[in-house]
Amino acid sequence: TDLQSIFHTKPMGINLNCNYFYLPQQLNGEPRSYTRFNLTENMEGDNSQVEMKLSSDMDEEVGGNGVGDHLNHNSERSPYVARKPGRTPKNICFMAATTLLIFIIGYLIGYLVHRKKDLAPSCAASKLDFNDDVPEAFHETRAAPLMDWDKVEKLLAQQLSVSNFDSTFREFASNSHQAGSPGDDALANKVLKRFKEYGIQTWTDEHFIKIQQAPASGFNKVVFKGREERPQGFLSYSATGSRTGAVLYAHYGQESDFRMLQGKSINVNGRVILVRAGKISFAEKVYNAAKLNASAVLIYPDPDDYPIGENTQIYGHVHLGSGDPYTPGFPSFNHTQFPPVQSSGLPSILAQTITANMATNIMRQLGGETLPPEWGGVTKLGNETDLVTVEVNNVLTERKINNIFGVIKGYVDSDRYVILGAQRDSWGPGFARSTVGTSVLVELARSISEMVKHEGFRLRRSIVFASWSAGEYGSVGATEWLEGYLSSLSMKAFSYINLDGVAFVLYVNLSSRLEELQMDDAAYPFLAFSGIPSVSFRFTSNSVSQPDYKYFGTLLDTEDKLNSATSSQTPQFAMAAAQFAGHIALRLVHDHLLRLDLQKYNSIIRSQVAEINRRVKTLLPKALSVQWLISASGSYSRASRALAKDSENSDLEDIEMCRLINDRIMAVERNLLSPYVSPKDSPFRHILMGSGPHTLNALSTHLEALRLSNPEADADLFRNQFALATWTIQGCANSLAGDIWALDNEI
């Protein structure tokens, strides 16, 4: 009893680490049982963990589950087998000596506890390496004092100013900063210097990547009816070589556009497809054409969509994916040797951009059928005699790139963090593409660090600031980082906020509009590849006559063009974007519970399940039951509602309870990544937002292909994909439920 009181009431809260020892318990004068104490070091807090287990002599006699089984395989050899010794003077002296020894041990432990507390800081305080002025309340409760949210908003607003953005724009504006170039490196050093000036912890991440550049000597060319054009713009990761084929106009190159051509019995095989920029990414246009065995794709900015000048060159990439396509699924670290492999998203056909003027010269000479009315109805589609030759001589080169990071650590869950990221590189000046986003990133780092150092604001969780390189080639820098540290990021990074292109508008849209993330968005790999909840945002127009900023991917993306589009209000828009992103990030690190609404997925899952159910009933009413998919959807719905109820009823002062609830919230996106496909072959594994045959959208598409008797459709393959998607949803619901005994598993 004395020993228990020493450990349970020790005032200084120091961790202890001792071996097991056993203490006889006196019951009616007989040693009927013993106590096992396990004193283990507790790295998470100040209170020692004391494990006490009682075992009766019956357990020892039958060799059952007694505490000492692992030490005493033969119960007859145990010194604690029940015996009935007499109360002899010898035994009494032995008991007295034992009691005195225990008292001395307890006294020494208490002394050491007090002395160790005086010499060493607490485990929690050791996390604070950028500000030693820690409130006493934090040491007592391990909880950062909660500042009123209204005050947090006001502090952020006080830190951000138009004049600061003006000066930051001037510092980070650059006319030449392509990925891995000296200009890119110079900007990286400026970001790193700024982070260090703010007193936040910094580090860098280096990769050696392969990118395709325009030919250093020579050129790409397009020859149509004797007229040769040499465009300066290019599409990285195109196939190279020369192809000749008949021109076929295909509008925006969407799947629906090609279906319309096929409906007119127009053969796409071997044709050179001419398409307008917009609607979908360059990579998706090329992919759609390649599926139908086209030989090449020409992409131009139509003046109706892009009023940027008839001779403006455009740049981009055609990798249907993100990251270095020559190291799919794994990082491009220091010349790491892997077997030769390429991303399945690399195109097998040629792709080249041309100007609006070049496209006009081609289209006015086309024959064939007239365009469908919904496409315009003036120009011809092209016939078999309208031959064009496309030659692409891009050069594959290796570049070293650096991602730059800074972190402001939290005071409670410092190992959990939200990431704010911005692309640093650009094809040309890239003022809207990269300068504004980088400036917003740097200003947020400055503002929040000032709030922490001088205004008494305490983050519960950490904020990571990331400056990415090679964003123009398909979020290469960000994706390589994700691939390199995927296991480390799992269940630690709980949100990503993308700052690319945030301040481009012609008219302020006062109402919000939600859009699904596109593959060419830098936030997409965080969500679809890594399972990290992600968001991109931007200001946009609400008028057809005033279109969004159209100079991305051109050399005209300059400060003057953006100022013209914003009526010289670019700093004001940047400040508003910083406040918006800052509010999201700070709310996520301020509140006890993460503000991520898991019930939003209920309607998404239900609608897709309903569509699959409708098509199955039409096509396979007897061959396949959708019962289990519907059941899995219901399991997710119930689990998300149960978690919402747990959150409402939770004690916000219970740190461990809040952490457990937040863990369940963070696991949802990760558990929606299909575990049945390879990240190398299908990197975007998210079954709702990803890309590939494992997604729910793909199941609906596969059913439609079965209905049309498409030769690529496979009923057995569909059943397999159907079963795996069903269990992915059920597995997510199981994880969301939390404890193993709370599972709702009817499958």
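Here is what the cut-offs are and how they apply
- Residues numbered from 1 in each chain as written.
- Predicted model: local features only at pLDDT ≥ 70, side-chain atom pairs only at ≥ 80, totals over all residues.
- Heavy atoms only, no water.
- UniProt positions renumbered as here; feature names shortened; annotations may be inferred.
- Helix = DSSP H or I, 4+ residues; strand = E, 2+ residues; numbered from the N terminus.
- Buried < 20%, exposed > 50% of the residue type's maximum accessible area, 1.4 Å probe, protein only.
- Areas by Shrake-Rupley, 256 points an atom, 1.4 Å probe, with all protein chains shown as cover.
- Contact = heavy atoms within 4.5 Å.
- Pairing = 2+ DSSP bridges.
- Axes fitted to C-alpha atoms, helices over the stretch in contact; angles between N-to-C directions.
- Parallel < 35°, antiparallel > 145°, perpendicular 65-115°, else oblique.
- Left-handed = near helix turned anticlockwise from the far one by under 90°.
- Nonpolar A, V, L, I, M, F, W, Y, C, P; charged D, E, K, R; others polar.
- Patch = residues over 30% accessible without salt bridge, like charges linked within 9 Å, V, L, I, M, F, W, Y side chains within 5 Å.
- Salt bridge = Lys/Arg side-chain N within 4 Å of Asp/Glu carboxyl O.
- Lys, Arg positive; Asp, Glu negative; His and termini not counted.
- Charge placed at Lys NZ, Arg CZ, Asp CG, Glu CD.
- pLDDT = per-residue confidence, 0-100.
- Core = buried A, V, L, I, M, F, W, Y, C linked by side-chain atoms within 4.5 Å.
- Domains from an automatic or database assignment.
- Phe/Tyr/Trp six-rings, centres within 6.5 Å; stacked < 30°, edge-to-face > 60°.

Per an unreviewed UniProt entry, the protein goes by Transferrin receptor protein 1 and derives from Myripristis murdjan. The record held by UniProt for the protein lists under Subunit (unreviewed entry) the comment "Homodimer; disulfide-linked."

Peer 1: I keep staring at the overall build of the protein and nothing clicks. Help me out?
Peer 2: Per the secondary structure count, the protein includes 21 helices and 18 strands. A total of 747 residues make up the protein; the buried ones form 52% of that total. Looking at the protein as shown, the accessible area adds up to about 34700 Å², and 51% of this sits on carbon and sulfur atoms.

Peer 1: Can you help me understand the environment of glycine 437 in this one?
Peer 2: With respect to the helices, strands and loops of the structure, glycine 437 is situated in helix α11 (residues 431-454). Along the primary structure glycine 437 and aspartate 500 are separated by 63 residues, whereas in three dimensions their C-alpha atoms are 5.0 Å apart. Discounting chain neighbours no more than four positions away, the residues touching glycine 437 are Ala422 and Leu499.

Peer 1: How should I be thinking about the pairing of strand β14 (residues 395-408) in this particular structure?
Peer 2: If a strand is regular, its side chains alternate between the two faces of the sheet. Bridge analysis of strand β4 (residues 201-213) against β14 gives 13 bridges, and the strand direction is antiparallel. Looking at β14, one finds that tryptophan 203 is bridged to phenylalanine 405.

Peer 1: Sorry if this is basic, but what is going on with the sheet that holds strand β13 (residues 387-392) here?
Peer 2: Strands belonging to one sheet form pairs held by backbone hydrogen bonds; the direction of such a pair is parallel or antiparallel. Ordered by their spatial adjacency, 7 strands build an open sheet running β6-β5-β13-β8-β9-β10-β12, and the pairing between neighbours is mixed. The open sheet has two free edges, formed respectively by β6 (227-229) and β12 (350-353), since each of these has just one partner strand. Averaged over all neighbouring strand pairs, the angle between strand axes comes to 30 degrees, with direction disregarded. When strand β5 (residues 221-224) meets β6, the two strands line up antiparallel, connected through 3 bridges.

Peer 1: Teacher, can you tell me more about the packing of helix α7 (residues 182-197) against α11 here?
Peer 2: A pair of packed helices can be characterised by two numbers: the angle between their axes and the separation between those axes. Running from amino to carboxyl end, α7 crosses α11 at an angle of 15 degrees, the nearest separation of the two axes being 10 Å. Taken together, the axes of α7 and α11 are roughly parallel relative to one another. With respect to the hand of their crossing, α7 and α11 are arranged in right-handed fashion. Of the residues in α11, those touching α7 at Val191, Arg194 and Phe195 are Thr438, Leu441, Val442, Glu443 and Ala445. Considering only residue class, the contact of α7 with α11 consists of 5 nonpolar, 1 polar and 2 charged.

Peer 1: Explain a nonpolar patch on the surface here, please?
Peer 2: Together, Leu100, Phe103 and Ile104 make up a nonpolar patch on the protein surface, roughly 320 Å² of accessible area in all. Here phenylalanine 103 lies in helix α3 (residues 89-119). A relative accessible area of 55% places phenylalanine 103 in the exposed class.

Peer 1: What is the right way to look at the sheet that holds β4 in this model?
Peer 2: If you walk across this open sheet you meet the 6 strands as β4-β14-β16-β15-β17-β18, and the pairing is mixed. Across the chains shown, the open sheet's two edge strands, defined by having one partner strand only, are β4 and β18 (534-536). Geometrically, the sheet is characterised by an average inter-axis angle of 20 degrees between neighbouring strands, direction not taken into account. Across 5 bridges, the pairing between β14 and strand β16 (residues 461-468) is antiparallel. In the strand pairing of β16, valine 407 is matched with valine 464. Those strands touched by α11 are β14, β15 (413-423) and β16, and its axis lies near 150 degrees from that of β15. Set on the sheet, helix α19 (residues 655-671) makes contact with β15, β16 and β17 (493-498); between it and β15 the angle comes to about 35 degrees.

Peer 1: Even after reading the chapter, I still don't get a negative patch on the surface, so can you show me in this structure?
Peer 2: Taken together, the side chains of Asp651, Glu653, Asp654 and Glu656 present a region of like negative charge at the surface. Looking at the secondary structure, you find glutamate 653 in the loop between α18 (627-649) and α19. Its relative accessible area of 59% is what places glutamate 653 among the exposed residues.

Peer 1: Explanation requested: the packing of helix α6 (residues 162-172) against α11 in the structure shown.
Peer 2: For the pair α6 and α11, the least separation of the axes is 9 Å and the interaxial angle reads 125 degrees. Considered as vectors, α6 and α11 are oriented oblique to each other. You can see that α6 and α11 cross each other, and the crossing is right-handed. For the pair α6 and α11, the contacting residues are Asn164, Phe165, Thr168, Phe169 and Phe172 in the first and Phe431, Thr435, Val436, Thr438, Ser439, Val440, Val442, Glu443 and Arg446 in the second.

Peer 1: Could you clarify how one ought to interpret the confidence of the model for the protein in this entry?
Peer 2: The predicted coordinates of low-pLDDT regions are not to be read in fine detail. Predicted confidence across the protein gives a mean pLDDT of 82, with 79% of residues reaching 70 or more. Confidence drops under a pLDDT of 50 for residues 543-547, and excluding neighbours within four residues, the segment shows 5 contacts in the predicted structure.

Peer 1: Help me understand the nonpolar core, please; the structure alone is not making it clear to me.
Peer 2: Within soluble globular proteins, side chains that are nonpolar tend to cluster in buried spots. Grouped together as the largest cluster of nonpolar side chains are 102 residues, with contacts concentrated most on Ile273, Leu420, Phe465, Leu499 and Leu586. Counting residues domain by domain, this core receives three or more from each of domain 1 (149-210 + 416-590) and domain 2 (221-393). With residues up to four places along the chain from it excluded, the contact list for isoleucine 273 reads Leu248, Ala250, Phe258, Val268, Ala289, Ala294, Ala296, Val297 and Leu298. One finds Trp481, Tyr636, Val668 and Ala733 within the second-largest nonpolar core, a separate group that totals 61 residues.

Peer 1: Honestly, the packing of aromatic side chains in this entry has me stumped. Any pointers?
Peer 2: Each aromatic ring pair is summarised here by two numbers: the centre-to-centre distance and the angle between the ring planes. As enumerated under the stated definition, the model contains 23 aromatic pairs in all. With a centroid separation of 6.3 Å and 50 degrees between ring planes, the pair formed by phenylalanine 195 and phenylalanine 465 is classed as tilted. With phenylalanine 195 in helix α7 and phenylalanine 465 in strand β16, this pair connects stretches of sequence that are 270 residues apart. Of the residues examined, phenylalanine 195 reaches a relative accessible area of 0% and is grouped as buried. Take phenylalanine 465: its relative accessible area is 0%, and that puts it in the buried class. When the ring of phenylalanine 234 is compared with that of tyrosine 315, the centres are 5.9 Å apart and the planes differ by 90 degrees; the resulting orientation is edge-to-face. With phenylalanine 234 in the loop between β6 and β7 (235-236) and tyrosine 315 in the loop between β10 (296-300) and β11 (316-317), this pair connects stretches of sequence that are 81 residues apart.

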